[in-house]
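Structural description and commentary
Here is what each chain is made of, one letter per residue.
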Amino acid sequence: MDPKNKYRRYGRQIALKDFGTEAQDKLFRAKVLVIGAGGLGCPALQYLAAAGTGRIGIVDFDTVEISNLQRQTLYAVEDIGKFKASTAAEKLKSFNPEIQLEVFEVKLGTKNALDIIAEYDIVTDGTDNFETRYMVNDACVLLHKPLVYGAVLRYEGQAGVFNIPDKKTWIITNYRDLFPQPPKPESVPSCNEAGVLGILPGIIGTIQAAETIKIITGIGAPLCNKIISYNVLSNLFYEFEVSPSENKDTIAPATKEEFTNFNYEWFCGYEGSSYEISSEELDAMRKKEDLFIIDVREPDELPAIHEFSYSTIPLSRFRESASSIPTGNKIIFFCKSGRRSLTAVNILLEKYPQCEAYSLKGGVDAWGEYIKTLKKGETSISV
Amino acid sequence: MKINVLAFGQIADITGKSELEIFQVNSTGELTQVLEKTYPQLKSGNFLIAVNKKIIQKNTELHNEDTVALLPPFSGG
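Just so it is clear, the structure is predicted and the values come from calculations on it, not from any experiment.

Side-chain positions along a regular strand alternate between the two faces of the sheet. Residue and element names in this part refer to chain A. In terms of burial, strand E2 (residues 55-59) is a largely internal element, 5 of the 5 residues being buried. Along E2, one buried face is formed by Arg55, Gly57 and Val59 and the opposite face, lined by Ile56 and Ile58, is buried too. Chirality of the crossover, the property in question, places the unit of strand E1 (residues 31-35), helix H3 (residues 41-50) and E2 among those that are right-handed. Of the strand pairs in this sheet, E2 and strand E3 (residues 100-104) are connected by 5 bridges, and their pairing is parallel. Counterpart to Val59 in the pairing with E3 is Phe104. Each parallel crossover has a hand, and for E2 linked through helix H4 (residues 84-95) to E3 it is right-handed.

The predicted model of chain A averages 91 in pLDDT, with 96% of residues at 70 or higher. Across residues 379-383 of chain A the pLDDT falls below 50, and counting only partners more than four positions away or on other chains, this stretch makes 11 contacts in the model.

Residues and elements named next belong to chain A. Here chain A is described as being made up of domain 1 (3-267) and domain 2 (276-376). In this structure, domain 1 and domain 2 have C-alpha centres spaced 33 Å apart. Residue-level contacts link 13 residues of domain 1 with 9 residues of domain 2. Carbon and sulfur atoms make up 50% of the surface buried where domain 1 meets domain 2, a total of about 910 Å² over both sides. Scanning the region where domain 1 abuts domain 2 turns up 2 salt bridges. Ionic pairing is found between Glu131 and Arg339, a salt bridge with its closest N-O pair at 2.7 Å. Along the contact surface separating domain 1 from domain 2 lie 3 residue pairs in polar contact (both at pLDDT 80 or more). A breakdown of the residues in the side of domain 1 that touches domain 2 according to their chemical character gives 5 nonpolar, 3 polar and 5 charged.

All names here are of chain A. The interhelical angle for the contact between helix H12 (residues 279-288) and helix H15 (residues 363-376), taken along N-to-C directions, is 75°, at an axis separation of 9 Å. By the angle between their directions, the pair H12 and H15 is classed as roughly perpendicular. Across from Ser279, Glu280, Leu282, Asp283 and Arg286 in H12, the residues of H15 making contact are Ala366, Trp367, Tyr370 and Leu374. Taken together, the residues that form the contact of H12 with H15 break down as 5 nonpolar, 1 polar and 3 charged.

In this section: the packing of aromatic side chains. Under the counting rule described, the total for this entry stands at 22 aromatic pairs over all chains. Judged by centre distance (5.9 Å) and plane angle (80°), the rings of Phe240 of chain A and Phe8 of chain B are edge-to-face. With Phe240 of chain A in strand E8 (residues 236-241) and Phe8 of chain B in the loop between strand E1 (2-7) and helix H1 (9-15), the pair connects residues from two separate chains. Per residue, the accessibility class of Phe240 of chain A equals that of Phe8 of chain B, and both read buried. The aromatic ring of Tyr120 of chain A is capped on one face by Arg55 of chain A, whose charged end is 5.3 Å from the ring centroid.

Below, the discussion takes up H15 of chain A. Residue and element names in this part refer to chain A. Compared with the 20 Å implied by 1.5 Å per residue over 14 residues, the 20 Å span of H15 between its first and last C-alpha is a close match. Of the residues making up H15, those classed as buried are Gly363, Val364, Asp365, Trp367, Tyr370, Ile371 and Leu374. Where H15 is buried, its residues touch H12, strand E12 (330-334) and strand E13 (357-360).

Parameters at a glance
Residues numbered from 1 in each chain as written. Chains lettered and ligands numbered in written order. Predicted model: local features only at pLDDT ≥ 70, side-chain atom pairs only at ≥ 80, totals over all residues. Heavy atoms only, no water. Buried < 20%, exposed > 50% of the residue type's maximum accessible area, 1.4 Å probe, protein only. Helix = DSSP H or I, 4+ residues; strand = E, 2+ residues; numbered from the N terminus. Right-handed = clockwise from strand over helix to strand, strands pointing away. Pairing = 2+ DSSP bridges. pLDDT = per-residue confidence, 0-100. Contact = heavy atoms within 4.5 Å. Domains from an automatic or database assignment. Buried area = accessible area lost by both parts, 1.4 Å probe. Salt bridge = Lys/Arg side-chain N within 4 Å of Asp/Glu carboxyl O. Polar contact = N/O pair within 3.5 Å; in protein donor to acceptor, adjacent residues only side chain to side chain. Nonpolar A, V, L, I, M, F, W, Y, C, P; charged D, E, K, R; others polar. Axes fitted to C-alpha atoms, helices over the stretch in contact; angles between N-to-C directions. Parallel < 35°, antiparallel > 145°, perpendicular 65-115°, else oblique. Phe/Tyr/Trp six-rings, centres within 6.5 Å; stacked < 30°, edge-to-face > 60°. Lys NZ or Arg CZ within 6 Å of the ring centre and 35° of its normal. Expected span 1.5 Å × (residues − 1).

In structure tokens form, the structure reads like this:
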């Protein structure tokens, strides 16, 4: 870059003691992967791009929903329904045309995570579920990549840095030293159910961007072997020291091959249920008989499904509305991932043990994938 | 012997407040037993324990005026 231009754009940070052109050049050369372009990813991406991070990868397979706009500040009303990763990349390109942006509109899994992460120097984690968190952590451990962690719920958030040795002790810790065992699926509510104050991921995501920049440039003291907990209501920041866990019960993949075959759904305690049906089974069933299909997502969650018709009862209002469901038909519930719909089955069976109800396994995400494969195989879909 | 307990996230929902004082316990094991008796929902064990801001993994001796934090995992992003 033309030195004069460089100074014009980044002069305010180049002027800083301990930063200078050297740190700026390190940023230009850095490759950062941001996983999840949601509440945490948006602010992290904005500041990383603004600061002149040379190459930024964005992983997200979701589309923008109206309920995202309260906290995911890269998106506007006209972006609803568009893919987050490419929409975010477009915005960032206009903020800073000099940086390179790479878009991964895929669901991160054990088959592609290592290849994607290997191309980058640092990973900033803005994912929204435990399976992906443990998977990203394990991939970073295997590939020796620094991981900048952040997580939020309601009014509280956590942030930290894993896989970097503390300069004094040379101790390295990771997410499994913090939480060796994943929580039971039903014990930790998601932001969809429990809510989150919009500004909170803004603060935690910005801390993640700051930690990422500190790691790249070598300024200050990153949160190695530490996590902070922040409460937006009380304004209290707590810092906790993490040490390597002595809990040897945790089952983590030790090699890349083990990683590729590791089942994170199973690991995170998701045991499966006889009330679940696959997309394929649902497709076959709906062609044979009359089903009563119910979307239990909250209003405005996307995508809508076009292959079959359905009613809507958000899970948050499900208990009051369950009596309106005609229990004579076979009932199929679906949501985004298949979790909330399974809860709906359980609630309904509690009230009406005689009815026949199922949950669509993997939710609309899995249905979308199923339809994609059908289309690839050029099989016609009857609506 | 007084222990100050800080509850975070879902743990504070269960205890109803974010700060508690627990008396006459000598270890983190005894402390969690006392807490589980008062708040049975804590039995899921779904939190990590920090003694004076240091996260611990096994039963740890406590001293008067120690601060014990109970942190649950979050997954939101």
